[in-house]
Amino acid sequence: MIDLDRVSKTYEKGLPAVDEISLHVDKGEFVFLVGDSGSGKSTLIRLLLKEIEPTHGMITVNGHVLNTMKHKAVPAYRRDIGVVFQDFRLLGEMNVFENVALAMHAVGASGRVIRKRVPQCLKEVGLAEKYRNLPRQLSGGEQQRVAIARAIVNRPKILLADEPTGNLDPHNSYEIMKLLETINNNGTTVLVVTHDKELVDHFQKRVITMRRGTIARDVEEGGYIEA
Amino acid sequence: MRLSSLGYNIKQGIKNIARNKMFSIASIATMTACIFLFGVFFSIIMNVNAVRTDLEERVGVTVFFEEGTTDARMQEIGNEIKNLDHVTEVTFTSADEAWKIYQKDYFKNNPELAEGFKDNPIANSASYTVLVDKIENQDAVVHQIQTIQNVRQVNQSSGAAKTLRDFNRIFTYISIGVIIILLIVATILISNTVNVGITVRKDEIAIMKWIGATDHFVRMPFIVEGLLLGLIGSLLPLVILYFSYGWLVRTFLSRFNGLADMGQVLLNVGQLFRYLAPVGIILGVGIGLIGAASTVRKHLEV
């Protein structure tokens, strides 16, 4: 599903943010990506989104070789990947329904399909009743649920979550992680970047620890160990 | 693009206009001013053209014959002229008819003066009045008539039409210059409005890119915005011109009594808008599209 073969990324005039990383993630896996700030986690997410190009190495996702992928093919590739960010990135003037529907409009879904799928999706994340609310009328946990709904509404094969609980209290963090686990149980491959030791220890999933752009540790059903 | 996406993009384009109210109003106002001025210049040019065409149609060439030319020969000359290229009408005026017209023109207040002439004093003034299709062809026709045997003299009087044509040409050049400047200003303003829209929607654009929106989908609302600004900015002045044109023409003619006869020659609102409406709308929409497309290409990295 996700294959990185000796991938490096060096930004202008600096040390490599990602240095000769090789990694394989299977279909349906749940992976925690942990490590200090600046260890290369977010760069890895950006590489997987094809937002940036690797300096060296080859990246293959869902059978697509990203290095040779043409600009025109990027939108179709991204439709198979859902993304969630720490700061939710919802659109303030759109209500919950519209924020989620935006993802479906962007892929050209018809109004009929949108009206059917969005309520289903909001039900899955536990926000069926709040579809008319604006983001500012929701708690942090609820806003992140909307962001997750938006990320999965097009049924992506992979869900990338960059510090999804970074702005949340422990209770909401746990709930969000439970939600991500449910999504994973339904067949979506989930890759979560996090600093939250307690959550990593609690959920006992595969943990990849990064340090200075390299993979320092990769364990199945592991806990959070400082790199 | 699917119909649902098109509908969504049109809605987003309208929302963009509402979000950047001040810039949108400024763009529409500038576009309205430009297209209004364009409409005024266009109306003047079209009307001057109509007057010139009318004059040209009435300006003829008069052909006189050598003394002693027989009626039969005059008939032959008439046929030769009719067969020339660009000749549309040939009318014969006999010497007697010419003398009657002369009396009417010059002795209408003192008919007794004409009675002093026992014979026709302008017996050698039988003539053909020749009309040509375009004033540009008049010289060539005159030249050909002059080569016909027994033709004594050919008079042409195209001065007024030529003056009008020259005036119209100069006025057209000035109009084009002014309109180009105004259109550039309108394009820049629309471009700025769209640019503000892009800045305001930066987050939304980024999100759309992450979730797999195509470049076309991301750009479309901004193109729709420019197109709508151009369309509104062209429809407003056209409506104003449509309802004010009749009044403007009446006011113009009443101010200049000498031009009252022109009333029939000037274009009515229907004739004018047959050309002005499509040209104005195409211009407005075109500027909106160009302004938006150039900005989207420059400032929207997708």
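Whatever comes next refers back to the structure up there.
Everything numeric in this text was worked out from a predicted model, so none of it was measured. (Residues numbered from 1 in each chain as written. Chains lettered and ligands numbered in written order. Predicted model: local features only at pLDDT ≥ 70, side-chain atom pairs only at ≥ 80, totals over all residues. Heavy atoms only, no water.)

Colleague: Sorry if this is basic, but what is going on with the overall build of chain B here?
Modeller: Broken down by element type, chain B carries 10 helices and four strands. Counting across all 302 residues of chain B, residues that qualify as buried make up 44%. Carbon and sulfur atoms provide 60% of the accessible area of chain B, an area that totals close to 16,800 Å². (Helix = DSSP H or I, 4+ residues; strand = E, 2+ residues; numbered from the N terminus. Buried < 20%, exposed > 50% of the residue type's maximum accessible area, 1.4 Å probe, protein only. Areas by Shrake-Rupley, 256 points an atom, 1.4 Å probe, with all protein chains shown as cover.)

Colleague: I tried to follow the overall build of chain A on my own but got confused; where do I start?
Modeller: For chain A, the helix and strand inventory stands at seven helices and 10 strands. Taking all 227 residues of chain A together, the buried fraction comes to 55%. Of the contacts formed within chain A by residues at least 6 apart in sequence, a portion of 67% connects residues at least 24 apart. A total of about 10,500 Å² of accessible surface is found on chain A, and carbon and sulfur atoms cover 47% of it. (Contact = heavy atoms within 4.5 Å.)

Colleague: Is there a simple way to think about the packing of helix H3 (residues 96-106) of chain A against helix H4 (residues 111-124) of chain A in this case?
Modeller: Relative orientation and spacing of two packed helices are given, respectively, by the angle between their axes and the distance between those axes. Residues and elements named next belong to chain A. Relative to each other, H3 and H4 sit at 125 degrees, their axes nearing to 10 Å. The angle between H3 and H4 places the two elements in the oblique class. In the packing of H3 onto H4, the handedness of the crossing is right-handed. Counting all contacts with H3, which are made through Val96, Phe97, Val100, Ala101, Met104 and His105, the residues of H4 involved are Val113, Ile114, Arg115, Arg117, Val118, Pro119 and Leu122. Residue composition of the contact of H3 with H4, by class: 10 nonpolar, one polar and two charged. (Axes fitted to C-alpha atoms, helices over the stretch in contact; angles between N-to-C directions. Parallel < 35°, antiparallel > 145°, perpendicular 65-115°, else oblique. Left-handed = near helix turned anticlockwise from the far one by under 90°. Nonpolar A, V, L, I, M, F, W, Y, C, P; charged D, E, K, R; others polar.)

Colleague: What should I look at first to understand a positive patch on the surface in this one?
Modeller: A surface patch of positive charge is lined by Arg112, Arg115, Lys116 and Arg155 of chain A. As for its position among the elements, arginine 155 of chain A is in the loop between helix H5 (140-152) and strand E7 (158-162). (Patch = residues over 30% accessible without salt bridge, like charges linked within 9 Å, V, L, I, M, F, W, Y side chains within 5 Å. Salt bridge = Lys/Arg side-chain N within 4 Å of Asp/Glu carboxyl O. Lys, Arg positive; Asp, Glu negative; His and termini not counted. Charge placed at Lys NZ, Arg CZ, Asp CG, Glu CD.)

Colleague: What is the right way to read a nonpolar patch on the surface from this model?
Modeller: All names here are of chain B. A cluster of nonpolar side chains, contributed by Tyr173, Ile176, Ile180, Ile184 and Ile188, occupies part of the molecular surface with about 510 Å² of accessible area. Following the sequence through the fold, isoleucine 180 ends up in helix H7 (residues 159-200). Owing to a relative accessible area of 44%, isoleucine 180 belongs among the partly exposed residues under this scheme.

Colleague: Please explain the pairing of strand E9 (residues 206-211) of chain A as it appears in this structure.
Modeller: All names here are of chain A. Among the six residues that make up E9, five are buried, leaving the element largely enclosed by the rest of the structure. Two elements, E9 and strand E10 (residues 214-219), share five bridges in a ladder whose sense is antiparallel. Looking at E10, one finds that isoleucine 208 is bridged to aspartate 218. Linkage of E9 to E10, two consecutive antiparallel strands, is achieved through a turn of two residues, within which arginine 212 is found at a positive phi near 45 degrees. (Pairing = 2+ DSSP bridges.)

Colleague: Explanation requested: the interface of chain B and chain A in the structure shown.
Modeller: A common way to express how large an interface is: the accessible area buried when the components associate. Taken together, the contacts link 20 residues of chain B with 24 residues of chain A. Buried surface at the junction of chain B and chain A, both sides included, amounts to about 1,800 Å², of which 60% is carbon and sulfur. Remark: the boundary between chain B and chain A carries zero salt bridges. Counting the contacts that link chain B with chain A gives four residue pairs in polar contact (both at pLDDT 80 or more). Those elements that place two or more of their residues in the side of chain B that touches chain A are helix H1 (3-19), helix H8 (202-210) and helix H9 (215-255) of chain B. In the side of chain B that touches chain A, the residues fall into eight nonpolar, five polar and seven charged. (Buried area = accessible area lost by both parts, 1.4 Å probe. Polar contact = N/O pair within 3.5 Å; in protein donor to acceptor, adjacent residues only side chain to side chain.)

Colleague: How do you make sense of the environment of serine 125 of chain B when you look at a structure like this?
Modeller: All names here are of chain B. Relative to the helices and strands, serine 125 is located in the loop between helix H5 (111-114) and strand E3 (127-132). As a C-alpha pair, serine 125 and glutamate 67 span 58 residues in sequence and 9.2 Å in three-dimensional space. With residues near it in sequence (within four places) discarded, serine 125 still touches Phe64, Thr93, Ala95 and Ala98.

Colleague: I tried to follow the nonpolar core on my own but got confused; where do I start?
Modeller: Nonpolar side chains tend to gather and get buried jointly when the protein is soluble and globular. Membership of the largest hydrophobic core comes to 122 residues, with the highest contact counts inside it found for Leu4, Phe32, Val61 and Leu180 of chain A. Broken down by element, the residue count for this core peaks at 13 residues, all from H9 of chain B. Counting residues in hydrophobic clusters, the runner-up holds 19 residues, among them Leu84, Tyr128, Val132 and Val151 of chain B. (Core = buried A, V, L, I, M, F, W, Y, C linked by side-chain atoms within 4.5 Å.)

Colleague: How should the sheet that holds E10 of chain A be read in this particular structure?
Modeller: Within a beta sheet, neighbouring strands are joined by backbone hydrogen bonds and run either parallel or antiparallel to one another. Residues and elements named next belong to chain A. A sheet is described by the order of its strands in space; here six strands give the open sequence E6-E7-E8-E3-E9-E10, paired in mixed fashion. Unpaired on one side and paired on the other, strand E6 (81-85) and E10 mark the two borders of the sheet. Across the sheet, the mean angle separating the axes of adjacent strands is 15 degrees when strand polarity is ignored. Here E7 runs beside strand E8 (residues 189-193); their pairing, made up of five bridges, is parallel. Residue leucine 160 lies in a different strand from E8, and its bridge partner there is leucine 191.

Colleague: Just to check I follow, could you spell out empty space enclosed by the protein for this structure?
Modeller: Summary: where empty space remains is shown by rolling a probe the size of a single water molecule over the atoms. If you walk through the whole model with that rule in mind, you get three cavities of 30 Å³ or more. Estimated volume of the largest cavity: approximately 60 Å³. Lining the largest cavity, in full, are Arg78, Arg79, Ile81, Gly82, Ala103, Arg150, Ala151, Asn154 and Pro156 of chain A together with Ile211 of chain B. Going through the elements one at a time, E6 and H5 of chain A are the ones with two or more residues in the lining of the largest cavity. Across the lining of the largest cavity, the residue classes tally to five nonpolar, two polar and three charged. (1 Å grid on protein atoms, 1.4 Å probe; cavity = no way out; pocket = protein on both sides within 12 Å on 5 of 7 lines; lining within 4 Å. Points joined across faces, edges and corners; volume = space filled by probe spheres on them.)

Colleague: Sorry, what's going on with the pattern of salt bridges here?
Modeller: Pairing of side chains with opposite charge becomes possible as their charged atoms draw close. All names here are of chain A. Within this structure, the stated rule accounts for 16 salt bridges over all chains. Close ionic contact of arginine 117 with glutamate 124 constitutes a salt bridge, the shortest N to O distance being 3.4 Å. When salt bridges that share partners are traced, they join Glu29, Arg206, Asp218 and Glu220 into one network.

Colleague: Looking at this model, I keep getting lost on the pairing of strand E4 (residues 56-61) of chain A. Mind explaining?
Modeller: For a regular strand, side-chain orientation follows a simple rule: the groups alternate between the two sheet faces. Residues and elements named next belong to chain A. Pairing analysis gives five bridges linking strand E1 (residues 2-10) to E4, with the strands arranged antiparallel. Each residue of the ladder has a partner; that of serine 8, found in E4, is histidine 56. Where E4 lies against strand E5 (residues 64-65), two bridges are found, and the strand directions are antiparallel. Bridge pairing in E5 links valine 61 to histidine 64. Here E4 hands over to E5 after two residues, with asparagine 62 in that stretch at a positive phi of 50 degrees.

Colleague: Whenever I open this one, the sheet that holds strand E2 (residues 16-25) of chain A confuses me. Can you help?
Modeller: Residue and element names in this part refer to chain A. The four strands lie next to each other as E2-E1-E4-E5, forming an open sheet whose pairing is antiparallel. Two strands lie at the open edges of the sheet, namely E2 and E5, each paired on one side alone. Strand direction decides the pairing type here: E1 and E2, joined by six bridges, are antiparallel. Opposite leucine 4, over in E2, you have leucine 23 as the bridge partner.

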